[in-house]
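# Notes for the structure review
Listed below are the residues making up each chain.
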Amino acid sequence: MKVLQVCKKSPTPQRDGESIAIHQITKALVTQGNTVDVLAMLTTKHPSYDSQSELEGVNYQYIPVITPISSKEAFFSIFGSIPYIIERFQSERFESALLKKLQATHYDVIIFEGIFLSLYLDLIKKNSKAKLVLRAHNIENKIWKRQVKFELNYFKKAFLYLVMNRQFEQFEVEMMQKYDGILSISPVDNQYFTNNKASKTLVIPVCVDATSKSSLPEGFHVGFLGGMDWVPNVQGVVWFVENVWLQFVKEYPDVQFNLAGRNFPSDIAAWQHPGIKVHGEIADAEQFIRSQSLIISPIFSGSGMRVKIIEAMSYGKCVLSTSIGAEGIRCQDKENILIADTASTYLETLCALYCERRALQRIGEQAVQLVQKEYSLKEHAKKMHVFLQAL
């Protein structure tokens, strides 16, 4: 089949969950003998790409798109049906590049990497007979609904609940009906699409290429890796430090909390709390993960699937997460992951692991087994190929 992937950000380099997820879909398509073109935006927030990490044989094209945030436009979007955050990705330049591709090539399948790209559905339907597939990375309205709980400002809280959540839910439900198929990233998300009577669906999680165990460091190092321009990550890290870490380090002064990722807010980057080291953006995510005793995912308002959890598991690391952080992953508490949803249980778990570190090794080993069983790229690539052919 001839497949076009339409993306709102570059899949290269593979440094965050979304780019990894897009890249793995491309790889799955290629392994099944499909010819793949990738058309990706280079936005104000993510303006770069890396040709060295492109897949051989895949035709990549990158289109610069300006996506500034305007308070005035955000205000007037209140009276519209399309969320302003999505509306910003409407681009004449990208539309022109997309149209040229449709006119030059007969595609069998076009995959939209995220609900945001639904802005271009009508254009594509007018100019192509390809089957249209949504690759749903998450349920956007669920993220906004959960963020309301964390917002202290009354007016922002009202805006999130009365405007953003409503717009996103209406937009997602309306758009999902227009696709020939939906590739959900988790069983939880897939149930949402099924409940809303979407078209044919298939769960294709983010997969990893290989798995291997790693040894524990000599000290007790707690690691967090994630983009700090994503609100749920910021909320989670601040919650963890204020409610868990400061008490934990007081009890065990020799421990260290390592934070890595892109775009740290200046106030967090300047933290002088005991036992905390802010690394910022790092060159080698694998090396960082392997150097930790465990990885945490204190997420309370996300959706979809935490790619960094699967990545950490694949390296044999014990992961301590909230239920929402681990949502969508076929894991079992105390078997191949540790789940804690309150400050007290998070603290109790960390103290227990500090005193009994063999548990880190045991859970990490079982995490590797989980990834090998449930998140094999080869097996899911076959399922996806059969699904797309049958549309």
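Below you will find a few notes about this structure. (Residues numbered from 1 in each chain as written. Predicted model: local features only at pLDDT ≥ 70, side-chain atom pairs only at ≥ 80, totals over all residues. Heavy atoms only, no water.)

### Here we look at the overall build of the chain
Operational definition: Numbering of helices and strands starts at the N terminus; helices are DSSP runs of H or I of at least 4 residues and strands are runs of E of at least 2. Here the globule rule reads 2.2 Å times residues to the power 0.38, and the radius of gyration is calculated from C-alpha atoms. Think of it in three bands: residues with accessible area under 20% of the maximum for their type are buried, residues over 50% are exposed, and the middle band is partly exposed, with areas taken using a 1.4 Å probe on protein chains only. Only heavy atoms enter the contact rule, under which two residues are in contact if any of them lie within 4.5 Å. For the accessible areas, the method is Shrake-Rupley and the probe is 1.4 Å, while residue cover comes only from the protein chains on display. Under the counting rule used here, the positive set is Lys and Arg, the negative set is Asp and Glu, and His together with the chain ends is not counted. By convention, charge coordinates are those of NZ in Lys, CZ in Arg, CG in Asp, or CD in Glu.
Secondary structure summary: the chain contains 15 helices and 13 strands in total. Against the globule reference of 21 Å for 391 residues, the chain gives a C-alpha radius of gyration of 21 Å, in line with a compact fold. By its C-alpha atoms, the chain is 65 × 50 × 40 Å across when sized along the principal axes. Buried positions account for 55% of the 391 residues belonging to the chain. Within the chain, contacts between residues separated by at least 24 positions form 69% of all contacts whose residues are at least 6 apart in sequence. A total accessible area of about 17,500 Å² is found for the chain, and carbon and sulfur atoms account for 51% of it. Charged side chains in the chain number 43 positive and 40 negative. The centres of these two groups are separated by 4 Å.

### Considering the pattern of salt bridges
Heads up, the condition is: A side-chain nitrogen of Lys or Arg and a carboxyl oxygen of Asp or Glu constitute a salt bridge if their distance falls within 4 Å.
Scanning the entire structure with this criterion turns up 12 salt bridges. Salt-bridge contacts for Lys2 lead to Asp37; the nearest nitrogen and oxygen are separated by 3.7 Å. Taken together, the residues span a long stretch of sequence, with Lys2 in strand β1 (residues 2–7) and Asp37 in strand β2 (residues 35–42) at a distance of 35 residues. Assessed through its relative accessible area of 5%, Asp37 is described here as buried.

### Looking at the packing of aromatic side chains
Condition: Stacked, tilted and edge-to-face are the three classes applied to pairs of Phe, Tyr and Trp rings, where Trp contributes its six-membered ring and a pair requires centres within 6.5 Å; stacked means planes under 30 degrees apart, edge-to-face means over 60, and tilted covers the rest. Counting as a charge over the ring demands two things of the Lys NZ or Arg CZ atom: a distance within 6 Å of the ring centre and an angle within 35 degrees of the ring normal.
A complete count under the given rule lists 19 aromatic pairs for this structure. Measuring from ring centre to ring centre gives 5.8 Å for Tyr192 and Phe193, while their planes differ by 75°; the resulting arrangement is edge-to-face. What makes Tyr192 buried here is its relative accessible area of 15%. Taking relative accessible area as the criterion, Phe193 reaches 3% and is therefore assigned buried. Aromatic side chains Trp239 and Tyr346 sit 5.5 Å apart centroid to centroid with 80° between the ring planes, which places their arrangement in the edge-to-face category. Separated by 107 residues along the polypeptide, Trp239 in helix α9 (residues 231–251) and Tyr346 in helix α13 (residues 343–355) bring together distant segments of the chain. Counting every residue linked through ring pairs, the aromatic cluster contains Phe220, Trp239, Phe240, Trp245, Phe248, Tyr252, Phe257, Phe300, Tyr346 and Tyr354. Directly above the aromatic system of Phe116 lies the positively charged group of Lys8, at a separation of 5.0 Å from the ring centroid. A cation sits over an aromatic face here: Arg357 above Tyr354, 4.6 Å from the ring centre.

### So, the sheet that holds β2
Heads up, the condition is: DSSP bridges decide pairing: two strands pair if at least two such bridges lie between them. Only C-alpha atoms enter the line fits that serve as axes; for helices the fit covers just the stretch in contact. Angles between N-to-C directions range over 0 to 180 degrees.
The parallel open sheet is built from 7 strands, whose spatial order is β3-β2-β1-β4-β5-β6-β7. Here the strands that pair on one side only, and so sit at the sheet edges, are β3 (59–64) and β7 (200–203). Across this sheet, the average inter-strand angle for adjacent strands is 20°, counted without regard to direction. Contacts from helix α15 (residues 377–390) reach β4 (109–113), β5 (131–136), β6 (181–184) and β7, with the element oriented near 175° to β7.

Read these as geometric descriptors, not functional statements.
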